[in-house]
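This is what each chain is made of:
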Amino acid sequence: MLALGKLLELTLAGREPAQKIQLTVDGVQMRWLSEGALEVRPPQARDNGADVLLSSGIHGNETAPIELLDRLLHGIARGEIKPRTRILFLFGNPEAMRRGERYLEQDVNRLFNGRHEQSIGPEAIRAGELEQLARTFFSVPDRSRLHYDLHTAIRGSKIEQFALYPWKEGRQHSRAELARLRAAGMAAVLLQNKTSITFTAFTYEQLEAESFTLELGKARPFGQNQGVDVSRLETRLKQIIEGNEPATEGLDGLKLFSVAREVIKHSDAFTLHLPADVENFSELEKGYLLAEDIAKTRWVIEEEGARIIFPNPKVKNGLRAGILIVPTDDQGLA
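What you see is a predicted model; the values in this text were computed from it and never measured.

### Observations concerning the pattern of salt bridges
Right, on to step 1. Going through the model one piece at a time under the given rule, you end up with 27 salt bridges.
Right, on to step 2. The salt bridge partner of Lys 168 is Glu 208, with a shortest N-O separation of 2.5 Å. Residue Lys 168 is found in the loop between strand E7 (162-165) and helix H5 (175-183), and its partner Glu 208 is found in the loop between helix H6 (199-205) and strand E9 (210-218); the two are separated by 40 residues along the sequence.
Right, on to step 3. When salt bridges that share partners are traced, they join Arg 31, Glu 39, Arg 41, Asp 47, Asp 51, Arg 86 and Arg 143 into one network.

Structure below.
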């Protein structure tokens with residue numbers, strides 16, 4: 001196997017490869033760009049005009065997605081997977097991966113769309129690097145652009161595998177992309193309705209990619225992901241890479257949600273009235289007092305069918321401590 005196929009091994013060891021460019025026996029070029037960043041380019045005669053960015057490790061302890069990308073890279077380096085697409089593999093926060101931590105000082109996935117310019121530290125620098133890598137990769141005109149940012153969650157979830165679809169004024173969400181997600185094993189999709197500061201929000205809003213944050217289960221250490229079933233996603237990613245996807249099915253069975261409100265933590269007095277082990281997609285009854293903060297700020301459930309995702313009272317002041325979502329339909333899809 002080509003040495004560049006061992007990007008994860010190089011990244012965890014903090015090493016640069018001796019050779020920055022290598023070719024597989026089929027003429028696929030693998031090019032090391034920087035720490036945790038590798039571009040894969042098919043022979044020109046096989047290139048189908050698609051650019052695919054696959055990122056993981058934005059949170060360093062979310063290992064199942066990292067291991068998934070590692071398997072795909074091994075397959076390409078061995079010649080078992082034969083790409084027809086250009087691919088950029090990114091491991092987002094290498095130092096946090098080495099330490100087995102979610103992040104060191106700041107959550108990298110809250111530092112995009114200009115936020116890193118307002119901050120300091122290694123993770124702000126890394127967010128800027130990731131934006132530049134993505135911007136350069138998606139700079140070739142007249143090619144389709146797809147970005148999957150793979151994660152696992154801090155907590156359990158009543159819907160284990162789901163996606164978040166960013167929003168941009170004047171741009172419609174794609175029915176075909178939702179069907180692709182359903183085929184990849186996603187059981188639900190949250191259709192966002194405001195700008196955000198995540199990596200996929202940046203590539204969707206600024207770079208015109210079809211971009212999705214994929215949540216694949218609960219975070220576990222390296223080598224302990226037997227309970228995280230990513231087989232359907234892995235199969236679909238191989239098909240995307242090789243350009244042989246079967247026709248996508250409809251949206252039957254795919255649950256769609258929209259954002260009702262974000263719960264923002266304003267101060268250290270913030271209190272979230274939920275059990276510490278509450279699961280994502282837990283339902284909340286109307287009238288329930290969800291959270292309180294300074295100046296008598298209160299979040300009371302007013303929506304029918306409201307559910308909570310990503311509840312986290314430990315975030316820094318000014319950041320989102322949870323999202324209230326409600327069921328929606330497929331009206332308005334392109």
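### Some remarks on unusual backbone geometry
Right, on to step 1. In the Ramachandran plot, Lys 296 falls in the positive-phi region, its phi being about 60° despite a non-glycine side chain.
Right, on to step 2. Structurally, the position occupied by Lys 296 is in the loop between strand E13 (289-293) and strand E14 (297-300).

### A closer look at the nonpolar core
Right, on to step 1. Residues Leu 54, Phe 89, Tyr 148, Leu 178 and Leu 214 are the most contacted members of the largest nonpolar core, which totals 50 residues.
Right, on to step 2. A total of 8 residues in this core trace back to one element, the largest contributor, which is helix H2 (residues 63-77).
Right, on to step 3. Leu 54 has contacts with Leu 69, Leu 72, Ile 87, Leu 88, Phe 89, Leu 90, Tyr 148, Leu 237 and Ile 241, leaving out every residue within four places of it along the chain.

### A short note on the domain arrangement of the protein
Reports often express the size of an interface as the amount of accessible area lost when the parts come together.
Right, on to step 1. Partitioning the protein into domains gives domain 1 (5-240) and domain 2 (263-325).
Right, on to step 2. Taken over C-alpha atoms, the centre of domain 1 sits 29 Å from the centre of domain 2.
Right, on to step 3. Listed as interface residues are 15 residues of domain 1 and, on the opposing side, 16 residues of domain 2.
Right, on to step 4. For the pair domain 1 and domain 2, the summed buried surface comes to about 1,400 Å²; carbon and sulfur atoms form 57% of the total.
Right, on to step 5. Broken down residue by residue, the surface that domain 1 buries against domain 2 is led by Arg 110, Arg 155 and Lys 158, which jointly contribute 42%.
Right, on to step 6. Where domain 1 meets domain 2, there are 1 salt bridge.

### A closer look at the UniProt feature "active site" (unreviewed entry) in the protein
Right, on to step 1. UniProt records the feature "active site" (unreviewed entry) at Glu 215, using the numbering of this structure.
Right, on to step 2. Checked against the element boundaries, Glu 215 lands in strand E9.
Right, on to step 3. Contacts of Glu 215, omitting those with residues within four sequence positions, involve His 151, Thr 152, Ala 153, Glu 160, Gln 161, Phe 162, Leu 164, Met 186 and Phe 310.

### Regarding the environment of Leu 10
Right, on to step 1. Inspection of the secondary structure puts Leu 10 in helix H1 (residues 7-13).
Right, on to step 2. Given the relative accessible area of 8%, Leu 10 is considered buried.
Right, on to step 3. As a C-alpha pair, Leu 10 and Gly 36 span 26 residues in sequence and 8.1 Å in three-dimensional space.
Right, on to step 4. The residues touching Leu 10, leaving out its near neighbours within four places in the chain, are Ala 3, Arg 15 and Pro 17.

### Quick notes on helix H7 (residues 231-242)
Right, on to step 1. Its 12 residues give H7 an end-to-end C-alpha distance of 17 Å, which sits within 8% of 16 Å, the value for a rise of 1.5 Å per residue.
Right, on to step 2. Looking at the packing, one finds that the buried side of H7 touches strand E4 (50-56), H2, strand E5 (86-91), strand E6 (144-153), H5 and E9.
Right, on to step 3. Just downstream of H7 lies Gly 243, where phi reads positive at about 70°.

Conventions adopted
- Residues numbered from 1 in each chain as written.
- Predicted model: local features only at pLDDT ≥ 70, side-chain atom pairs only at ≥ 80, totals over all residues.
- Heavy atoms only, no water.
- Salt bridge = Lys/Arg side-chain N within 4 Å of Asp/Glu carboxyl O.
- Helix = DSSP H or I, 4+ residues; strand = E, 2+ residues; numbered from the N terminus.
- Core = buried A, V, L, I, M, F, W, Y, C linked by side-chain atoms within 4.5 Å.
- Buried < 20%, exposed > 50% of the residue type's maximum accessible area, 1.4 Å probe, protein only.
- Contact = heavy atoms within 4.5 Å.
- Domains from an automatic or database assignment.
- Buried area = accessible area lost by both parts, 1.4 Å probe.
- UniProt positions renumbered as here; feature names shortened; annotations may be inferred.
- Expected span 1.5 Å × (residues − 1).

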